[in-house]
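Chains, contacts and geometry: an overview
Given next are the chains, with one letter for each unit.
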Amino acid sequence: MNKIIKKIILILLITAAVSVVSIYAYRIVSNQNIESKQSAESEIDALTFYHWWTSPGESAAINALIDVFIKKYPDTAVMPTPVTGGGGFSMLGIIKPLVNAGEAPDAFQMHAAYESKPYYDAGLLKQIDDIWESEDLESVIPKIVQDMNKFEGHYYSVPIDIHRSNLVWYNKLLLSQNNINPDNLTTWDLFFNACETLKASGVEYPIQMGESWTASHVFEQIVASMGIDFYEDWVNGKITSLDNPKLLEALRIFNKYLSYVNSDYSELSWNSATARVIEGESAFNIMGDWANGEFKAAKKIYGVDYGVFAVPGTENMYGLVIDTFQHPKGIKHPVNAQRWLKNAASKEGQDAFNPLKGSISARTDSDISKYDAYQQFATSDFLAVRYMFPSVVHGSGAPESFKLNLNDIIVQFLDNRDDEEFISSMTRYIQSISSEYTINWSLN
Ligand code: BGC
């Protein structure tokens, strides 16, 4: 074969290989060049959506949900855009300008209730009562979750999971080596005593914490531990006094808590903090049960390698974090968007996603045999607990501007540890947005 023919064959082979790889990437997890593809998308059978599930456990879960969809619609090019950054703080900052500019993907991850309100108010969401009806979702989704997906009596989103926020994850070996019985850690004092014991035996940081929002997450659980009435007032925008004793006590506990956490938290992702507990470097991590997904992805067994207990003082409470998808208006692939929502809300979809995600299904008819021992306990505890409380940090409980402002105030506080400034900034801000509190939570 002469040189020129050889060269042509080589070019053809490379082109074919590149095409195969591109088709695969485009088909499953393409997350780039969305904008440049948008003109073509309107002509193809495609589905675009954004999410922030990028840790090992989270990625496994969303891929499982995509697989269920692909099995039903093998010809559709599924093009998710994963945006790194737990809690959605990065992704929601990117998506909002896109949606406002009429460039919404076919769906995007969002928390139930307040977080979607700005989009609803701006008329950017399609009402989806028809999906709830055709899939008979009201018969399987708990009432409290139904309500969190509605505005003015109509549905605008479907839930994909029910996460619990008020949990302390622990490394079982480290606790047993230090004769600490996690069942006894039911008050903050007992919990801090356990931290002292760990420190005395050489565990430099008994608790692991990550970047800013994870500190806000901790603060929120401490607020819940002050009792449901106080939490209810907090989410209803009624904690406005500078000398509220429960607020001062919550801050005292937060300060004490911070004295046991790793010093490099500000550079640490939530899942890297959890990973240090998985590896036994530290004993505790306050985090929602998406942390369960990390233990599972690391092949750890609940009850053998790790365990969990309710944040002290919140035993009878279930902190609600609910991820949803919705149907923005003016999208390129409305038929596929509708299919995606139905898939996310389906029993099959939820039973593929949640066992890996660490959460429980948002449906009461889930196949419980697919879930681990923690999730089986959580499923029954969801029905047994006395109080449910919506998370502020995870979008549902309070106006979005408060969630964002709280995070800024906490970052500032981590920096200067100025109690007075913290209290006055928070209470002043709550007062300044009183008209934004449009949901009147009744949690008691
Ligand atoms: C979401 C979870 C997610 C977690 C960490 C929360 O706000 O609701 O689904 O796993 O953030 O990224």
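Each remark here, short or long, concerns the structure printed above.
Here the residue index of a chain counts from 1 through its sequence in written order. Where local features are concerned, this predicted model is filtered to residues with pLDDT of at least 70; where side-chain atom pairs are given and counted, the filter is 80 or more; whole-chain, interface and lining totals use all residues. Only hydrogens and water are set aside when side-chain values are computed; all heavy atoms of the structure are taken into account.

The next subject is the nonpolar core. Judged by nonpolar contacts, the single largest core of 119 residues is most densely connected at F191, F219, W234, F284, W340 and F402. Nonpolar cores are built from buried Ala, Val, Leu, Ile, Met, Phe, Trp, Tyr and Cys residues. Side-chain atoms within 4.5 Å join them into one set. The rule is simple: take the accessible area with a 1.4 Å probe, protein chains only, and divide by the maximum for that residue type; under 20% is buried, over 50% is exposed, in between is partly exposed. Ranked by size, the runner-up nonpolar core spans 19 residues in total, among them I95, A104, Y119 and I331.

With that settled, consider the side chain of S359. Here a helix means four or more residues in a row that DSSP labels H or I, a strand means two or more in a row labelled E, and each is numbered from the N terminus. Topologically, S359 is positioned in the loop between α16 (347-357) and α17 (373-384). What qualifies as a polar contact is a pair of N or O atoms within 3.5 Å, subject to a donor-acceptor requirement within protein and to the restriction that residues adjacent in sequence count only when both atoms come from side chains. At a separation of 2.7 Å, a polar atom in the side chain of S359 contacts the side chain of N354. Once you skip the residues sitting within four places of it in the chain, S359 turns out to touch D161, I162, H163, D289, N354, Y371 and Q375. Residue contacts are counted whenever heavy atoms from the two residues lie within 4.5 Å of one another.

In this section: the site of the ligand. The immediate surroundings of the ligand are formed by 14 residues, with E58, H111, D323, K357 and H394 found nearest. In the environment of the ligand, an oxygen atom lies 2.9 Å from a nitrogen or oxygen atom belonging to the side chain of W53. Relative to its free-state accessible area of 310 Å², the ligand is covered by the protein chains to the extent of 100%. The split into domains, and so the bounds of each, comes from an automatic or database assignment of domains. Here the shell around the ligand spans two domains, since at least three of its residues come from each of domain 1 (2-162 + 323-377) and domain 2 (164-320 + 384-436). Whether a residue is near a molecule or strand depends on its heavy atoms: it is near if one of them lies within 4 Å of it. Using a 1.4 Å probe, the Shrake-Rupley method yields the accessible areas, and only the shown protein chains count as cover for residues.

Angular values range over 0 to 180 degrees, each being the angle between N-to-C directions of two axes fitted as lines to C-alpha atoms, with helices fitted over their stretch in contact. Between helix α10 (residues 212-225) and helix α18 (residues 400-416), whose axes approach to 9 Å, the crossing angle comes to 100°. Here α10 lies roughly perpendicular to α18, going by the angle between them. Residues S212, W213, A215, S216 and F219 of α10 touch α18, and the partners they reach there are L406, N407, I410, V411 and L414. Roughly parallel means an angle under 35 degrees; roughly antiparallel, over 145; roughly perpendicular, 65 to 115; everything else is oblique.

Let us look at the packing of helix α3 (residues 56-72) against α16. Relative placement of two packed helices is described by the angle separating their axes and the distance separating the axes. Running from N to C, α3 and α16 point in directions that differ by 165°, and their axes come no closer than 7 Å. Judged by the angle between their axes, α3 and α16 are roughly antiparallel. When the axes of α3 and α16 are compared, the crossing they make is right-handed. Counted together, G57, E58, A60, A61, I62, A64, L65, V68, K71 and K72 of α3 and E348, G349, A352, F353, L356 and K357 of α16 form the full contact between these two elements. Looking at the contact of α3 with α16, its residues break down into nine nonpolar, two polar and five charged. Left-handed describes a crossing whose near helix is turned anticlockwise from the far helix through less than a right angle; right-handed describes the clockwise counterpart. Each residue is assigned to one of three groups, with Ala, Val, Leu, Ile, Met, Phe, Trp, Tyr, Cys and Pro labelled nonpolar, Asp, Glu, Lys and Arg labelled charged, and all others, Gly among them, labelled polar.

The next thing to look at is the sheet that holds strand β13 (residues 323-326). We call two strands paired when DSSP finds no fewer than two bridges between them. Read from one edge to the other, the open sheet built from three strands follows the order β4-β13-β7, with strand pairing classed as antiparallel. Each of the sheet's edge strands pairs with one partner strand only, and the pair in question is β4 (110-111) and β7 (157-159). As defined by bridge partners, β4 adjoins β13 across two bridges and the pair is classed as antiparallel. Considered in β13, the bridge of H111 is made with D323.

Time to look at the packing of aromatic side chains. Geometry of aromatic contacts follows a simple scheme: Phe, Tyr and Trp rings, the Trp one being its six-membered ring, pair when their centres are within 6.5 Å, and the pair is stacked under 30 degrees between planes, edge-to-face over 60, tilted otherwise. Under the criterion given, the structure shown has 37 aromatic pairs. A ring pair is formed by W53 and F325, whose centres lie 6.0 Å apart and whose planes are at 75°; its orientation type is edge-to-face. You can see W53 sitting in the loop between β1 (46-51) and α3 and its partner F325 sitting in strand β13, a full 272 residues away along the chain. Residue W53 is classed as buried on the basis of its relative accessible area, which comes to 1%.

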